[in-house]
Amino acid sequence: MLNRFNSITAKFFLILVPTIVVTAALFLVVYVYLKNKDLNTVLNDRISLNASLHANAVAEPLWTFNYDAVKQTIKTILLHPEVVCAEVLEPDGKYVHSWPEDNCTQVFGEELVHTDKLTLHNQDVGILRLFYTKEEIYKTLTRDIQLAAILILLTIFAASVAAFIALSIIVGNPLAKLLNSIKNTKPGHMRPMVQQTTNDELGHVVDEYNRMIELEQSHINELETAREQAEAATRTKSQFLATMSHELRTPLNAVIGISEMLLEEVEEKKEEDYIEPLNRVSRAGKHLLNLINEILDLSKIEAGKMDLIPEHVPLKDFLEEVRSTSIPLADKNNNTFIVQCPDNIGSIFADPTRLRQIILNLVSNACKFTNDGEITVSVKNREIDLTDWVEFQVRDTGIGMKLDQTENLFEEFTQADSSTTRKFGGTGLGLAICRRLCDMMGGSIDVESESGVGTVFTFVLPSVGKMQYAK
Ligand SMILES: Nc1ncnc2c1ncn2[C@@H]1O[C@H](COP(=O)(O)OP(=O)(O)O)[C@@H](O)[C@H]1O
Ligand SMILES: [Mg+2]
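In short, a report on the structure. (Residues numbered from 1 in each chain as written. Chains lettered and ligands numbered in written order. Predicted model: local features only at pLDDT ≥ 70, side-chain atom pairs only at ≥ 80, totals over all residues. Heavy atoms only, no water.)

Further remarks concern the sheet that holds strand β9 (residues 387-396). If you trace the 5 strands from one edge of the open sheet to the other, you get β6-β8-β9-β11-β10, paired in mixed fashion. Every other strand in the sheet has two partners, leaving β6 (336-340) and β10 (444-450) as the edge strands with one partner each. This sheet shows a mean twist of 15° between the axes of neighbouring strands, independent of strand direction. Bridging between strand β8 (residues 374-384) and β9 involves 10 bridges; their strand directions are antiparallel. Looking at β9, one finds that Ser-378 is bridged to Gln-393. In the packing of helix α7 (residues 315-332) onto the sheet, contacts are made with β6, β8 and β9, and the angle to β6 comes to roughly 170°. Running at roughly 140° to β10, helix α11 (residues 430-440) makes contact with β10 and β11 (454-462) of the sheet. (Pairing = 2+ DSSP bridges. Helix = DSSP H or I, 4+ residues; strand = E, 2+ residues; numbered from the N terminus. Axes fitted to C-alpha atoms, helices over the stretch in contact; angles between N-to-C directions. Contact = heavy atoms within 4.5 Å.)

This is the structure we're talking about:
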């Protein structure tokens, strides 16, 4: 989330202000150092000037041992505010007089002392020692620092305000416009172009952004055209398939119907020579009809025309119906058909036609690939990831498959191996349809098999139905 504190302007500001403050502090330190040095030089000059100005005035009375006059002169030296104590000594260092303290060194220490030799007629007559203070310097320095600090603070403030305004105009505003354009695009609408206001890097970004919008729009237009074309093609395909399947099914049903009628007749008349050929005609017709139905189903799913009509399906009744349809199939290869299901299985919210189609597809496979064995359909409720599912299983004790044969089983037109088609017929579409239907109903399907032992197909569907309705 973008707010005032993590905007580019704020970040830049966070860098800028400390930099200015540190620079100003450094400047202040250098200023104080130089100013201090300067004031000290001035003070030293003043003290030595003072000393040399009064040297003669002290030397004269000292030469004549007029100590009262010495005292008077010392007092005048002390009129200068920076001098706090003055001391006169004889050339050999003997104490003569000091003012205002008796022992200047004891009171003021030896640190700030200016010593001058007193000479008269080229002869040393004594020593003048002036004790001074830096209080004045410190006062001046403090005042100057305060002034400088105020000036610096005012400058920082003014510079910050100016930088903030400049940044907002140069960076903040163009970026905000760009962001608004990106954010305020309504779905399905073209993004608005951003007006280019600067010719710096940001201006180039805006330029590129506008170019991107144009490119995006032209891609969208291309995709739109492609989609319309694809939709038109799909409509044509579906139309074609619907017409074709009708055209194919009508004569095929006639072939199957008439061949069965003839079969009944020749069976009655016991005309053995015709029974086998007529049987073949009938089987081939049914196979062809099944193939057409499967291709039509798959095309419908692919074209998104397979509409699911979900309803509450009581599973007990549903399985009874499956049993009655499956028993004749199982009987053909002398298989036993078993249904396993708990009494309180309840119901599932799903499309019963498609559910039946999946189970019967699996059962018909199981019956086809099993001889003298067992076909078991079992159903139970399961909870996976806190969701209720119904698990269906079709198990057989037939020929089974090797692991590599099961890998692409759910792809269209895939059979376990090429001999299957020769031996058992089939198209390789049944399982592909099963998987597509499971997907559409929000579930999934899986297989486990062992060659020579048998096969188990398991599919799960959500109990309450999460169907993706075909568009
Ligand atoms: N219960 C089963 N036991 C052994 N093989 C099976 C079984 N079910 C399916 N298969 C293998 O999977 C292939 C694909 O099945 P399917 O998609 O229904 O196509 P079809 O039944 O038309 O061959 C079958 O040809 C067969 O090789
Ligand atoms: Mg099949």
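Now for the nonpolar core. Judged by nonpolar contacts, the single largest core of 44 residues is most densely connected at Ile-348, Leu-362, Phe-392 and Phe-459. Ranked by residues supplied to this core, first place goes to helix α8 (residues 352-368) with 7 residues. Beyond its immediate stretch of four places on either side in the chain, Leu-362 contacts Val-394, Leu-431, Cys-434, Ile-445, Phe-457 and Phe-459. Formed by 24 residues, the second largest nonpolar core is a distinct cluster that contains Ala-55, Ile-77, Ala-86 and Leu-128. (Core = buried A, V, L, I, M, F, W, Y, C linked by side-chain atoms within 4.5 Å. Buried < 20%, exposed > 50% of the residue type's maximum accessible area, 1.4 Å probe, protein only.)

Glancing now at the packing of helix α1 (residues 8-63) against helix α2 (residues 67-77). Running from N to C, α1 and α2 cross one another at 165°; their axes reach a closest spacing of 8 Å. The orientation of α1 with respect to α2, classified from their angle, is roughly antiparallel. Crossing geometry of α1 relative to α2 is assigned as left-handed. Contact residues: His-54, Ala-57, Val-58, Pro-61 and Leu-62 in α1; Tyr-67, Ala-69, Val-70, Thr-73, Thr-76 and Ile-77 in α2. Across the contact of α1 with α2, the residue classes break down as 8 nonpolar, 3 polar and no charged. (Parallel < 35°, antiparallel > 145°, perpendicular 65-115°, else oblique. Left-handed = near helix turned anticlockwise from the far one by under 90°. Nonpolar A, V, L, I, M, F, W, Y, C, P; charged D, E, K, R; others polar.)

With that settled, consider the pairing of strand β4 (residues 123-132). β4 sits mainly inside the fold: 8 of its 10 residues count as buried. The sheet contact formed by strand β1 (residues 83-89) and β4 spans 6 bridges and is antiparallel. Among the inter-strand pairings, Cys-85 is bridged to a residue of β4, identified as Phe-131. Of the strand pairs in this sheet, strand β3 (residues 113-120) and β4 are connected by 8 bridges, and their pairing is antiparallel. Bridge pairing in β4 places Thr-115 opposite Arg-129. In this structure, the hairpin formed by β3 and β4 is closed by a connection of 2 residues, where His-121 is found at a positive phi of approximately 50°.

Attention now goes to the site of ligand 1. Taken together, 19 residues lie around ligand 1, and Asn-365, Asp-396, Gln-415, Thr-427 and Leu-431 are the ones closest in. A distance of 3.3 Å separates a nitrogen atom of ligand 1 from a polar side-chain atom of Thr-455. Protein chains bury 97% of the 530 Å² of accessible surface belonging to ligand 1 in isolation. Listing elements by their share of the shell around ligand 1, those giving two or more residues are α8, α11 and β11. Looking at which element gives the most residues to the shell around ligand 1, the answer is α8, with 3 residues. Considering only residue class, the shell around ligand 1 consists of 8 nonpolar, 9 polar and 2 charged. (Near = heavy atom within 4 Å. Polar contact = N/O pair within 3.5 Å; in protein donor to acceptor, adjacent residues only side chain to side chain. Areas by Shrake-Rupley, 256 points an atom, 1.4 Å probe, with all protein chains shown as cover.)

Take the state of the cysteines next. With the rule as written, the count across this model stands at 1 disulfide. Sulfur-sulfur distance for the disulfide between Cys-85 and Cys-104 comes to 2.0 Å. Residues Cys-85 and Cys-104 are joined by a disulfide whose S-S torsion is about -70°; by sign, that bridge is left-handed. Here Cys-104 lies in helix α3 (residues 104-108) and Cys-85 lies in strand β1, a separation of 19 residues in the sequence. Cys-104 sits in the buried class, given a relative accessible area of 0%. No disulfide involves Cys-341; its nearest neighbouring cysteine sulfur is the one of Cys-438, lying 18 Å away. Between Cys-434, a free cysteine, and Cys-438, which holds the nearest cysteine sulfur, the sulfur-to-sulfur gap is 6.7 Å. Note on Cys-434: relative accessible area 1%, which makes it buried. (Disulfide = S-S within 2.5 Å.)

The subject of this paragraph is the packing of α7 against α8. Contact pair α7 / α8: the axes reach a minimum separation of 10 Å and the direction vectors enclose 30°. One way to sum up the angle between α7 and α8 is to call them roughly parallel. Along this stretch, α7 crosses α8, giving a crossing that reads as right-handed. In this structure, α7 uses Phe-318, Glu-321, Val-322, Thr-325, Ser-326, Leu-329 and Ala-330 to contact α8, whose residues at the interface are Pro-352, Leu-355, Arg-356, Ile-359, Leu-360, Val-363, Ser-364 and Cys-367. Grouping the constituent residues of the contact of α7 with α8 by class yields 10 nonpolar, 3 polar and 2 charged.

Pairing between β6 and β8: 5 bridges, direction parallel. When the sheet's bridge partners are listed, Gln-340 is paired in β8 with Ser-378. The loop that links β8 with its antiparallel partner β9 comprises 2 residues; one of these, Asp-385, has a positive phi angle of about 50°.

Taken by themselves, the reported measurements are silent on function.
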